[in-house]
Structures are given as structure tokens and as C-alpha cells.
Number of protein chains: 2
Amino acid sequence: MMYHRGAEFAAIVEEVTGRLKHFFQTESDVFVITSSGTGGMEAAVVNTISPGDKVLAVSAGKFGDRFAEIAETHKAQVIRLNFPWGQAADPGVIADALRTDPDVRAVLVTHNETSTGVTHDLEAIARVVSTTDALLLVDAVSSLGALDLPVDAWGCDVVVTGSQKSWMVPPGLAMVSVSPGAWDAVARAQAPRFYFDFTAMRRSATRHFTPFTPAVSLFYGLQEALRLMWAEGRDNIIARHARVGAHTRAGVKALGLEILPDEAYASNTVTAVRVPEGITPQRLRQVMAEEYDVILAGGQDHLADLIVRIGHLGAVVEADIDDALEAMAKALRKLQK
Amino acid sequence: MMYHRGAEFAAIVEEVTGRLKHFFQTESDVFVITSSGTGGMEAAVVNTISPGDKVLAVSAGKFGDRFAEIAETHKAQVIRLNFPWGQAADPGVIADALRTDPDVRAVLVTHNETSTGVTHDLEAIARVVSTTDALLLVDAVSSLGALDLPVDAWGCDVVVTGSQKSWMVPPGLAMVSVSPGAWDAVARAQAPRFYFDFTAMRRSATRHFTPFTPAVSLFYGLQEALRLMWAEGRDNIIARHARVGAHTRAGVKALGLEILPDEAYASNTVTAVRVPEGITPQRLRQVMAEEYDVILAGGQDHLADLIVRIGHLGAVVEADIDDALEAMAKALRKLQK
């Protein structure tokens, strides 16, 4: 491994950070943290809130709930605004909630809810939040890099993503942006933090280092992945994901299957498919894995017996989806016999 | 990457955990966290202390200071017991401090102080702490796996190490053990934690998973490294580090140079060498790197202008040290001209 306090590694951090800012569409700070995406979400919370702060947590799935739980763990006064799993958050209802509680300090939102395959209308939600003094903290773990998310233009204050998603790198890195408004909150926030402290990250970033030993080998991967993404182009990547998402949904419907969410909010990075009556998702996944070498994710919590999920973010094209759906068709025929 | 919620990955976690317990010499829980060693140190603190708890932080270097800072960040009432950098902590003085403050809830100790090349007498310190009700939290980031540290026999409650040290894996994983006594503290501890929560780790560990997406590729490395270590044997590895450490110190002295610490406490994983007057450590490191391709670490904080550090942990044998010292001799001759 390269020495992480040397010029060679600093050059990687500088290149990676510059390219991440392009994909985040931000002029603000972007940091790479050695942790999973959840660590990045905790960083967003502990750097901007104080115990007792009122926080509005918008959720329609497992990851929305997790964001709320993190804020509760750190003693925020969390108002949970839940929408049914599989539906999109309604910006009008969020606006009402913010009118009812004008002293909300931060709004927590999931851009792409991986557990249900829903992409919330973050642009509209951000517009609502921007009319208040609240910060907007965004879990973009499974969206940023694949779905359009102009961080500065929409006014998102802290945005979190993870290396293993659109970035095509093994898991272990979380990437976060911090807006000027978020920095004001950092200066006031009383939640204790050490490993996840943004101020320490900013101090080290002036020399293109990280405050603590980073996952060096994953930085090599991120550097290479960002070069590939740079070559393909941000808009082209977003367009490809839109195309592959539509292709997946059309293919699922052609098999006579239903998609969990309303198509207007169906995600272009993951598709949640209702498994037909009489077949369990567990059995379908098992046959697809063992006989056709195709790995799907199951549903989580109360969706475990209802859905399977097809991931299509990162290095995925239509032909990959065709292979997966062909395997699914064969497995279903076998199980329906 | 392997799916981190599948049977294949669970088998890796099970194998890795079992072997780690052997090297930790413990029957208690061992968890692998995706973070640097500092994240593991923060995990040790937040899982066992509450704001206001009295904590004794023993320090004689940068990493001892860091452990104290983490506890202060989480609002413990920290009693700092400092020894001069380059010296070993005196167990008798620690005993006195614990008699003066019998309500200390936890003692924080660095086993091997990487910043000064000192190995503290953890066995004697642990004996002192065991006569009290205090927990013993150990930063063993740069010792465990290379130096003898029988976690259960010495009664260490939380012990933290890092993948990039003795384990010969790229950085990005922290490994921690948690004793039954520490679990009692976890049940009471009020410091907020989410990503670093031991209870969530224990829940996932029953199925050989991690609570959040782990750095899968680093687990592959850890699995392989532990197989190599298993083949060499724990006692043989410890003996090799003792041999290489002594070899390094003898070689340094043969060059007419001085070792920073008293040799009785000199570390077998890193040697801090005083740079002769008239030469800066920075310049010595630069010449060695550029002309001989040998990378040494510098000193930190007030040791920056005094020392260089030779690392010798992991896959290192006497011949590697001879190469490094030959380069050092040539660089010194060049700079002394």
C-alpha cells in the first residue's frame, strides 16, 4: 500500500475529490470517509444537530427509517413523517409539516429508497425546504452518480453516497458534501463526534489527506472508477440509467409481473418486483442463484415475503437486464409447474 | 463483489472471526468494523462510558493522547496521566492514580505507542487495573498479532487493532474484542452510538453478518492473511517480531545512531531513531525515498524534527531491515558530506 501521508496519495485524494465535486454538481466541500454509507449518514447528523433539536424525518422505507433512528440515537427531537412503503413522499405534506413546526432545524430525506425501489421527488422536496431555515440532509447512497442530483442548484446541505453503488467500487467508502449553510450548523452542533467530525476532515483536506488512516486500496478503485465515469460523461451516465430502468420495468411487465411502486416514482437504479402468489421470493432467488447464477436481493422487513429486487446501477446495460429477466422467466416457469 | 448478506460472505465472516479470536487469545466476542483503528477506539469508548464518567487516560505519545481526546469528546471526565514521550507508562503511578480516584470507570491504555516506538508493560498495567472495578480499554492497533497480548488472561475488556498493521491487509478494517465485563458496561453506557454500536454488531454476528455493508474486498484480504498467519503460528510470529525488533535496534546502533526510547521498552513493531544533529528527518526521509526507494515515517508533533521511524510489523524479515539500514547508511553519508 502507498503511504497515506505522502505526496502520491495526496495526488489521488485531490483528483478524486475534484471529480466527485463534478458528479455532486457542487462547489462545496466533498469528503471521503472510510465507512459504509450508514457511517456517512451518521456523520451528516452528528455534525449538524444538537441534542433536543427538532428534526423532520421523511420516510417511506427501511433507509428512511434508519436516518430517523440515527437522529433519535443522537437525541434529536424527531418528528417522523411516514409514507407507505412503495409510495413516494408527498412534498405538499412535507410543506404542511414544516408550517406546523417552523422550528425544525433539519429535514432528513432519502433520495432513492433502495428497500422499495422508489425515487422521491427530491427537487420538489428541496424547493419546499428552501423556503424555511431548516437544513436538508440527503441520503443519496443509491442515487448519486446515477440519477440527476444537482446538489448546489437544489440547495442540499449534506448529501451522502457510498462507493459500492453508482461508483462501481467495493464497499467501504462514504462520500459526503457539506454546504456553506451546513458549515454554519457544524459550528453550533453539540452532538459529540470524533471519527466522523467534518471539521477534522476539512483541516486534513487542505493538504489532500484524511484525518485518520483511509482505506487506501479503495481509493485506488475510486480513482479508476471516476476516470471511467468522466470518460462516459455525467449526463450520459444519467441517461443510460434512465434507459436501463425503463427497459427493466418493461421487461418485468412483459413477464406478466407487477412493479411494487407507482411507475411515476419507480427508481432507475433498482426495481422492486412483486412475486406472483404461490411462489416465495426466497425460493425464486434460490433457483435463480443456483441454476442461473443470477443474484437478486430480497425484500426487507415486511416486504420480505412479497418482493425481489433487481439492481441496475453502475456498470449495467440492457443486455445484463435481458439475461437476468430470462433467468427469472425460466425460474418462474419451473416453480409454477 | 460477493453479496454481503449471502451464505458465501457469512462463511468468510465466520472463518475470520474464529481465527481472530485465536490471535486475540480470547473466548469473548470479536467484531470487524469497517473503519480505521481510530473508529475502533471511538467504538471502545462510546459503548462503555456515559457522559460524566470518570476515565483515566494513560498517555506517553500521540495515540495515547488521541484516546484521551476521544473520551473527552464524549463528555467523560478524563483524568490525563501523561508520561514523557519516549518513556513507558509506570504501572505504580497508575496504581496510585486509581487509589486517588477509586471511582474511575475505565482506564485507557495504548499497548504499543507507534509515535515513539514504545511498548508499554500492558501485563503489569492490567494487573493493577484488575484490582479495581475499572474496565481496561486497550489501543492495540500496532501490537496485536505481532506482540503477545493474551486478552483474556490479562483481563483486557475492549481491545482494538487495525487491518493494516500486523494483519498485513490494506487499511479500512478495525477489529475489536469485547469482554463479559465490557458487555455489562455496554448495557449501562449512555454515550450515543449508531454505526459503532456493539449491540447491533452482536445481533448481526449471530448470523455471521455485519450490521452495515462491510468493506467486502478487505475481508477477502483478511481471510487470506489469517490463513498465512495460521500457517506460521501465533508463537512463531511473535518470536519473529522479537527477533526482527532486536535485529533492527542492533543495526541502528551499529550505524552509530541512538534509539529514542529506553531499550527495555523499545517496540518490536516500530523503531524510533534519533537523527544526528545537522540533518533533518525530513531530508533523510526524502533522500532515502527518492534515491533508495525506502519509505520511513517521520516523527509526529514535537518529534517531527527529531526522529524517523522504521516499521517492522507484518511480513518483515531481517533481510528487509538490512536493506533499509543500508539505504539509511548511504543517505546519512551523503548528507554528512
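Throughout this document, residue positions are counted from 1 along each chain, in the order its sequence is written. Chain letters start at A and ligand numbers start at 1, both assigned in the order the entries are written. Per-residue local features are limited, in this predicted model, to residues with pLDDT of at least 70; the limit for side-chain atom pairs, both in listing and counting, is 80 or more; totals at the level of whole chains, interfaces and linings are taken over all residues. To get the side-chain values, take all heavy atoms of the structure and skip hydrogens and water.

Caption draft 1: Structural detail: the side chain of Thr269 of chain B. Topologically, Thr269 of chain B is positioned in the loop between strand S10 (258-259) and strand S11 (270-274). In this description, contact between two residues means that some pair of their heavy atoms is separated by no more than 4.5 Å. Leave out the neighbours within four places in its chain, and Thr269 of chain B touches Asn112, Ser142, Ala146, Leu147, His241, Ile310, Gly311, His312 and Leu313 of chain B. Numbering goes from the N terminus for both helices and strands, where a helix is a DSSP run of H or I of at least four residues and a strand is a run of E of at least two.

Caption draft 2: Fine view of the relation of the copies chain A and chain B. The atoms used to superpose the copies are C-alpha atoms, taken from residues with pLDDT of at least 70 in both, and the fit is least squares. Relative to chain B, chain A is turned by 180° and slid 0.0 Å along the rotation axis, the superposed coordinates differing by an RMSD of 0.0 Å. Taken together, the rotation and translation describe the operation of a two-fold axis. Rotation axis and chain A: the residue whose C-alpha lies nearest the axis is Ser35 of chain A, separated from it by 2.6 Å. Comparing contact sets, 100% of the residues at the interface of chain A also lie at the interface in chain B, consistent with an isologous, same-surface contact.

Caption draft 3: Structural context of helix H11 (residues 281-292) of chain A. Residues and elements named next belong to chain A. How far a helix is expected to stretch is found by multiplying one less than its residue total by 1.5 Å. Its 12 residues place the ends of H11 16 Å apart at the C-alpha level, agreeing with the 16 Å of an ideal helix rising 1.5 Å per residue. Throughout, exposure labels follow a simple rule: accessible area from a 1.4 Å probe, protein chains only, divided by the maximum for the residue type, with under 20% read as buried, over 50% as exposed, and the rest as partly exposed. Within H11, burial applies to Pro281, Leu284, Val287 and Met288. Buried residues of H11, seen end-on, are gathered within an arc of 130° and therefore sit on one face of the element. On its buried face, H11 is in contact with strand S13 (307-311) and helix H12 (318-336). Just beyond H11, the residue with positive phi is Asp293, at close to 60°. Arc definition: directions from the helix axis to the C-beta atoms.

Caption draft 4: Examining the pairing of strand S7 (residues 135-139) of chain B more closely. Residue and element names in this part refer to chain B. Extensive coverage of S7 is indicated by the burial of 5 of its 5 residues. Strand pairing is assigned whenever DSSP detects at least two bridges linking the two strands. Pairing of strand S4 (residues 106-110) with S7, which is carried by 5 bridges, proceeds in the parallel orientation. Looking at the pairing, Val107 lines up with Leu136 of S7. Where S7 meets strand S8 (residues 158-162), 3 bridges bridge the pair, whose relative direction is parallel. Its bridge partner being in S8, Leu137 is matched across the sheet by Val158.

Caption draft 5: Structural view of the packing of helix H4 (residues 91-100) of chain A against helix H5 (residues 122-130) of chain A. All names here are of chain A. Look at H4 against H5: their axes get within 9 Å of each other, and the N-to-C directions meet at 20°. Relative to H5, the element H4 is oriented roughly parallel. By crossing handedness, the relation of H4 to H5 is classed as right-handed. Within the contact between the two elements, H4 uses Pro91, Ile94, Ala95 and Leu98 and H5 uses Ala124, Ile125, Val128 and Val129. Classifying every residue of the contact of H4 with H5 gives 8 nonpolar, no polar and no charged. Lines fitted to the C-alpha atoms define the axes, with helices restricted to the stretch that makes contact. Angles between their N-to-C directions range from 0 to 180 degrees. In these notes the angle categories are as follows: under 35 degrees is roughly parallel, over 145 is roughly antiparallel, 65 to 115 is roughly perpendicular, and the rest is oblique. Crossing chirality is assigned from the near helix's rotation relative to the far helix, an anticlockwise turn below a right angle marking it left-handed and a clockwise turn marking it right-handed. As a working rule, the residues Ala, Val, Leu, Ile, Met, Phe, Trp, Tyr, Cys and Pro are called nonpolar, Asp, Glu, Lys and Arg charged, and the rest polar, with Gly in that last group.

Caption draft 6: Region of interest: the packing of aromatic side chains. Aromatic rings from Phe, Tyr and Trp, with only the six-membered ring used for Trp, were paired whenever their centres fell within 6.5 Å, and each pair was classed as stacked if the ring planes differed by under 30 degrees, edge-to-face if by over 60, and tilted otherwise. Summed over the entire model, instances satisfying the criterion amount to 23 aromatic pairs over all chains. For the ring pair Trp183 of chain A and Phe198 of chain A, a centre distance of 6.4 Å and an interplane angle of 70° mean the geometry is edge-to-face. Of this pair, Trp183 of chain A sits in helix H7 (residues 180-188) while Phe198 of chain A sits in helix H8 (residues 198-205), and the two are 15 residues apart along the sequence. For the pair Trp183 of chain A and Phe198 of chain A, a shared accessibility class is recorded, and that class is buried. Aromatic side chains Tyr195 of chain A and Phe196 of chain A sit 5.3 Å apart centroid to centroid with 70° between the ring planes, which places their arrangement in the edge-to-face category. Residue Tyr195 of chain A is classed as buried on the basis of its relative accessible area, which comes to 4%. The rings of Phe194, Tyr195, Phe196 and Phe212 of chain A together with Phe194, Tyr195, Phe196 and Phe212 of chain B are connected pair by pair, giving a single aromatic cluster. We call a charge positioned above a ring when the Lys NZ or Arg CZ atom is no farther than 6 Å from the ring centre and deviates by at most 35 degrees from the ring normal. Its end group placed over the ring of Phe209 of chain B, Arg5 of chain B keeps NZ or CZ at 5.9 Å from the ring centre.

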